[in-house]
Amino acid sequence: MAEKKHGVIGYALAPKKQNSFIRDSLLTLASSRGIKLIQIDSTKPLIDQGPFDCILHKLYGDDWKRQLQQFQIRNPNAVILDAPEAIERLHNRISMLQVVSELRVRVGVDEKGGETFGIPKQIVIYDKETLSDGQAWESLKFPVIAKPLVADGSAKSHKMALVFSHGALNKLKPPIVLQEFVNHGGVIFKVYVVGNHVRCVKRKSLPDVSEEKVLGVSEDLLSFSQVSNLANRDSVDDDEKFYKMMSLDDTTEMPPQAFIVDIASGLRRAMKLNLFNFDVIRDSRYGNRYLIIDINYFPGYAKMPGYEKVLTDFFVDLMCKKELGENVGKGHGDEGKSVKVLTEEKDISVKVLTEEKDISVKVLTEEKDKSVKVLTEEKDKSVTV
Ligand SMILES: O=P(O)(O)O[C@@H]1[C@@H](OP(=O)(O)O)[C@H](OP(=O)(O)O)[C@H](O)[C@H](OP(=O)(O)O)[C@H]1OP(=O)(O)O
Ligand SMILES: Nc1ncnc2c1ncn2[C@@H]1O[C@H](COP(=O)(O)OP(=O)(O)O)[C@@H](O)[C@H]1O
Ligand SMILES: [Mg+2]
Ligand SMILES: [Mg+2]
């Protein structure tokens with residue numbers, strides 16, 4: 001009996017990502033379950049390629065965004081993983097973590113109880129003048145970590161500095177985020193999310209900094225980059241002595257899985273993303289207080305043991321939902337219905353009747369300069385088009 005056809009997924013990834021993610025082991029397993037992964041040719045217009053049931057991508061820039069938009073208009077049934085607008089919130093380290101503060105998920109549900117989560121205290125500095133203005137950072141306790149505001153995947157966006165005193169702040173180049181350094185036992189938890197699959201692993205992180213160390217440190221600023229990725233590097237440079245201070249204690253207890261799953265589902269819903277990971281540290285001062293410090297779109301899944309099966313299961317599930325006409329690719333399975341109105345008439349009006357709040361209306365059109373009027377009976381409703 002011929003195998004049931006499931007679907008074709010086009011992928012558009014930077015060379016480094018493609019090398020690490022598109023492995024023969026993934027292609028073989030996916031293909032054995034009816035999923036064909038095809039490379040999108042970035043030198044040709046996306047719209048001329050396909051057909052694709054789904055597009056998997058991690059590319060940046062306005063041109064790529066436009067190409068995806070055009071493709072979606074021509075292929076309204078294709079699933080784009082994930083929507084560029086949703087991914088963009090992760091390109092700024094402030095909007096990235098704002099979503100955590102907005103989460104309303106149950107906490108302290110594990111038998112041991114009491115786990116809470118949040119983000120470290122932080123401020124954003126846009127210019128040199130503010131950096132020299134003590135008032136801006138007086139609420140922060142040193143040491144702090146200075147992170148580039150932009151998180152666009154460039155090497156620059158991963159360049160961090162551990163700053164021990166005010167005096168060193170003038171060495172930094174805004175726009176930056178100044179975040180309180182929180183002692184966390186030198187271990188970071190990386191939570192990989194693939195649809196509703198959640199996997200937490202532990203990795204090396206920065207070592208704790210004691211009060212004595214802060215006072216006795218000879219340098220007032222230490223630069224570093226991609227600490228938790230160190231094991232995957234080819235060479236260790238100048239920062240060697242700094243990294244040597246780190247060692248992963250294998251006895252470190254993992255956070256309760258139910259707690260982590262709750263945060264992951266909350267983030268997935270709020271961000272409308274399917275493919276991401278987030279970095280969590282456990283605040284050593286409390287033991288049951290967790291802080292989310294970083295969220296990454298389409299991370300290094302190949303570092304997750306058995307990633308081939310997890311991703312293949314996700315693709316198969318996506319294709320099945322698509323065949324059933326379910327709304328997919330929006331970060332969670334239980335949201336919104338979509339209504340398609342196909343017409344060649346001009347000036348048509350479409351009425352959307354719903355009792356749900358916060359609905360979003362997407363109008364796909366090939367016409368340029370189209371203005372859309374949304375009429376609502378609710379007061380104080382703001383409508384974004
Ligand atoms: O390539 P890898 O496996 O190191 O993955 C990187 C991620 O490592 P992780 O899976 O969290 O250990 C890495 O995570 P971190 O920021 O290091 O926490 C980023 O997601 C990185 O993407 P970008 O440079 O921010 O666009 C990811 O890099 P890209 O492959 O997307 O370039
Ligand atoms: N607030 C913090 N307190 C302590 N360590 C931190 C904090 N923020 C980041 N780190 C350390 O710095 C590393 C890099 O920071 P992160 O925000 O994850 O940037 P990147 O996007 O480059 O991974 C983390 O993996 C962790 O080891
Ligand atoms: Mg990180
Ligand atoms: Mg990151």
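What counts as what
Every chain's residues receive numbers from 1 upward, in the order its sequence appears when written. Each chain is given a letter, starting from A, and each ligand a number, starting from 1, according to the order in which they appear as written. Owing to the predicted nature of the model, reporting of local features is limited to residues with pLDDT of at least 70; listing and counting of side-chain atom pairs is limited to 80 or more, with chain, interface and lining totals taken over all residues. For side-chain calculations, the full set of non-hydrogen atoms in the structure is used, while hydrogens and water are omitted. Any two of the Phe, Tyr and Trp rings considered here, Trp counted by its six-membered ring, make a pair once their centres fall within 6.5 Å; the pair's planes then place it as stacked at under 30 degrees, edge-to-face at over 60, or tilted in between. Buried means the residue's accessible area, taken with a 1.4 Å probe over protein chains only, is under 20% of the maximum for its type, while exposed means over 50%, and partly exposed covers the values in between. Listed donor atoms are N, O and S within 2.8 Å of the metal (Na, K and Ca: 3.2 Å). As water is not included, a site may look incomplete. Strands pair, by our definition, only if DSSP identifies at least two bridges between them. Comment: elements are numbered from the N terminus, with helices defined as DSSP H or I runs of at least four residues and strands as E runs of at least two. Lines fitted to C-alpha atoms define the axes here, with helix axes fitted over just the stretch in contact, and angles between the N-to-C directions of these axes take values from 0 to 180 degrees. Only heavy atoms matter for contacts: two residues are in contact if any of them lie within 4.5 Å across the pair. UniProt positions are given in the numbering used here, feature names are shortened, and annotations may be inferred rather than shown by experiment.

Chemist: I'd like to hear about the packing of aromatic side chains, residue by residue, with values.
Modeler: Enumeration over the complete set of coordinates arrives at ten aromatic pairs. Between F298 and Y301, the ring centres sit 5.7 Å apart and the planes meet at 50°, which makes this aromatic pair tilted. Given the relative accessible area of 0%, F298 is considered buried. By relative accessible area, Y301 is classed as buried at 1%. Linked through ring pairs, F21, Y192, Y297, F298, Y301 and Y307 together constitute an aromatic cluster.

Chemist: Account for the coordination of the magnesium ion (ligand 4), naming residues and giving values.
Modeler: Listed as protein donors to the magnesium ion (ligand 4) are D294 (OD), D294 (OD) and N296 (OD1); their distances from the metal cover 2.1 to 2.8 Å. The magnesium ion (ligand 3) is placed at 3.7 Å from the magnesium ion (ligand 4), the two being bridged by D294.

Chemist: An account of the sheet that holds strand β4 (residues 79-81) is requested, with residue identities and associated values reported.
Modeler: Pairing is parallel across the open sheet formed by four strands, whose spatial order is β2-β1-β3-β4. The open sheet terminates on both sides in strands that have one partner only, identified here as β2 (35-39) and β4. Pairs of neighbouring strands in the sheet enclose a mean axial angle of 20°, with direction left out of account. The sheet contact formed by strand β1 (residues 7-13) and strand β3 (residues 54-58) spans five bridges and is parallel. Paired with Y11 across the two strands is L56, which belongs to β3. Against the sheet, helix α3 (residues 62-74) engages β1, β3 and β4, with an angle of about 170° to β3.

Chemist: Can you lay out the UniProt feature "binding site: Mg(2+) 2" (unreviewed entry) in the protein for me, pointing to particular residues and giving the numbers?
Modeler: As recorded in UniProt, the sites labelled "binding site: Mg(2+) 2" (unreviewed entry) are D294 and N296. The residues contacting D294, other than those within four sequence positions of it, are R93, M96, L97, N277, F278 and D279. Tracing the chain through its elements places N296 in strand β14 (residues 289-297). Not counting residues up to four positions away in its chain, the partners in contact with N296 are L90, K190, L275, F276, N277 and D279.

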